[in-house]
Amino acid sequence: MAGYNEIKGLRVKYLSADPANAENGQVWYNSTTGTLRVLGIATGAWSSGSNVITQRLNGSASGIQTAAVYAGGNAPPYSTATEEYNGTGFEVGGNMIDSRDPYAGFGTSGDAGVCCGGFESSASTATEEYNGTSWTTVNAMPTARYSGCAVGSQTSGIQVAGDPSYNSTSFEYDGTNWSSGGAIPAGKDFLMLGGANQDAVIAFGGETSPGALSTTSDNYDGTTWTGGTAMTTGHKNISCGGWGTKTATLAAFGQDNSSRLGTTQEYNVSANTFTAAAWSSSGNVNTTRSQVASGGTNTAGWIAAGTTGSLTNAGEEYDGSSWTSVNAYGASYRLVQGAGPQTSAYAAGGMDASPGPSSIQNAVYEYDGTNWTSGTAYPTGIYGSGAAGTQTAGLNFGGGQPGAYSTTTKEYDGSSWTAGGAMGTGRNYPSGTGVQTAALSCQGNGPPGASTNVTEEYDGSSWTSGGTNLFTVRGSGANGPQTAAIAFGGSVDPGANVITSQYDGTAWATNPSTAQERVFIGYSKGANTVSGTWMATGEAIPGNVAATEEFTSTTSAVAPASTLTTS
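What this report covers is the structure whose coordinates are included nearby. (Residues numbered from 1 in each chain as written. Predicted model: local features only at pLDDT ≥ 70, side-chain atom pairs only at ≥ 80, totals over all residues. Heavy atoms only, no water.)

With respect to the sheet that holds strand 48 (residues 485-488)
What counts here: Whether two strands pair depends on DSSP finding at least two bridges between them. Segments assigned H or I by DSSP are reported as helices when at least four residues long, segments assigned E as strands when at least two residues long, and all are numbered from the N terminus. Lines are fitted to the C-alpha atoms to define the axes, a helix being fitted only along its stretch in contact, and any angle between axes, read from their N-to-C directions, falls within 0 to 180 degrees.
Pairing is antiparallel in the open sheet, where four strands are placed in the order 47-48-49-50. Pairing within the sheet leaves two strands with one partner each, and these edge strands are strand 47 (477-479) and strand 50 (508-511). Mean inter-strand twist for the sheet, computed between neighbouring axes without regard to direction, equals 25°. Examined bridge by bridge, strand 48 and strand 49 (residues 500-503) share four bridges and lie antiparallel to one another. Residue alanine 487 lies in a different strand from strand 49, and its bridge partner there is serine 501.

Next comes the structure, spelled out in structure tokens:
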């Protein structure tokens, strides 16, 4: 048997303390504790990922965990849609020509594919190879099979399980012949595979008998299947193909026993500990309301004004865990919009309780961390605008005016308002984030009164079109810089949403949903990154909610060193 020196190419180091700069897999002897130590023993784990855009089953899955594609399938009806997964969320891809389900095969390039098994009037043994131009019938599978799964390359493929009768057997293909492979621990159909070759495969999900959804995952080394880490939620009918590898794959789309699934689970074998992106609960506000002004960071946030059912001027500050009531806003308004840090914020416009157009205000108030005082009035009455920046470099855009959806942009320097470039699409209730010279406006409500999925980017002088958002909503929140922002919540009448999407400066992708659906929320506009974004209070339709949620991006950390034992 080879020793560590032969395998690693190094001798085990004899040290008096654990090294501060050890690498994953490094082994050493700690002479002080008298123990053999190792950093980062790889383990497999499933974690939650971002939701899909459109729930479907029996589509086509291909690619790797950080560049996966899912196309077609049944939504219903049959779909031509394509979604691309970048390791964080799903983006919209180009549509297929024909809508269909189910279909699959395996191969590593466009000129070396294989299609095997399936169902015509009965189960089939047929195998065909594709050379980039045409399909050729080749040696048949040993046993007729459908509803199984296949992955690998044209010269190193594997087909696993399936019907009839919930098979547990697998067959390996070498480019010419099929041979028997190892049997999985329990027979399944409608399962999913990850793996690039026949000797490094993970099988997961599926159904072991009618209505018995499986959460098990099993690993194959080319000879034997061994049980792995269980999934959080069982998936079946994802695809008859596979994606990812034995150590990095994902489960998305498909269904459980009652409905199509929108959730995603990622599988990783690593010495690192992964914490998936997620929203988590924080303290409730003191005055439950919606249509508030808001801003600041996740450790120094603020909200003011709004409606509880009747108008309020209440002010509150957030310290990262709890809200404290502070001095009141300058007036009892709703649909005020502003931005800025807790010690240098501003808010403009809004509506009071007057009837009709006379309710629309142009008042501006500034906050220094203690008091709200009058600032320079907005040039015209406005409500439900977007906002970004700070008290001395602020930006307000869009919003409602009598009989119009405004395209107006105004820049604020703390003492005066000046005209900026007009937006391309007039709207009210857009979400805004960023700074005066690099702001983002997304979604909102535009003519003829319908929610939009429009994104526009501001460079300090003019707006240009950005990537179309995945979701058409109004009254959502947003945070982060122009090229790395998230948008969350909002409403498409009727009802509020839990949706979250992330922007990279070009395209939007899905992200983990919020726990509470809501619209017209308070939210941070002061974070340099999306991690730490908060949203608070808002309308759940019907009724307002008091809860605060914070967003944390995906993180990974090297596992601590552990002691090797013989037990």
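A closer look at the packing of aromatic side chains
Condition: Only rings of Phe, Tyr and Trp enter the pairing, Trp through its six-membered ring, and a pair is recorded when the two centres are within 6.5 Å. The plane angle decides the type: under 30 degrees is stacked, over 60 is edge-to-face, the rest tilted. Only protein chains enter the accessibility calculation, which uses a 1.4 Å probe. A residue is then buried if its area is under 20% of the maximum for its type, exposed if over 50%, and partly exposed in between. Charge-over-ring contacts are defined here by two conditions on Lys NZ or Arg CZ: a distance within 6 Å of the ring centre and an angle within 35 degrees of the ring normal.
The tally for this structure, following the rule as stated, stands at 30 aromatic pairs. The interplanar angle of 55° and the centroid separation of 6.0 Å between the aromatic rings of tyrosine 318 and tryptophan 534 together place this pair among those described as tilted. Here tyrosine 318, found in strand 29 (residues 315-318), pairs with tryptophan 534, found in strand 52 (residues 534-536); they are 216 residues apart in sequence, far enough to count as distant. Grouping residues by exposure puts tyrosine 318 and tryptophan 534 together as buried. Relative to tryptophan 372, the ring of tyrosine 367 has its centre 4.8 Å away and its plane inclined at 25°; by these criteria the two rings are stacked. Residues tyrosine 367 and tryptophan 372 agree in their burial class; the two are buried. Among the aromatic side chains, those forming a connected cluster through ring pairs are Tyr70, Tyr85, Phe90, Trp243 and Phe253. The ring of tyrosine 523 carries lysine 525 above its face, with NZ or CZ at 4.5 Å from the centroid.

Re the side chain of threonine 409
Convention followed: N or O atoms within 3.5 Å of each other form a polar contact, as long as, within protein, one can give a hydrogen and the other can take it, and as long as residues adjacent in sequence are counted only when both atoms are side-chain atoms.
Structurally, threonine 409 is set in strand 39 (residues 409-412). A relative accessible area of 2% places threonine 409 in the buried class. Within the structure, the side chain of threonine 409 is placed 2.8 Å from the side chain of tryptophan 463, a separation counted as a polar contact.

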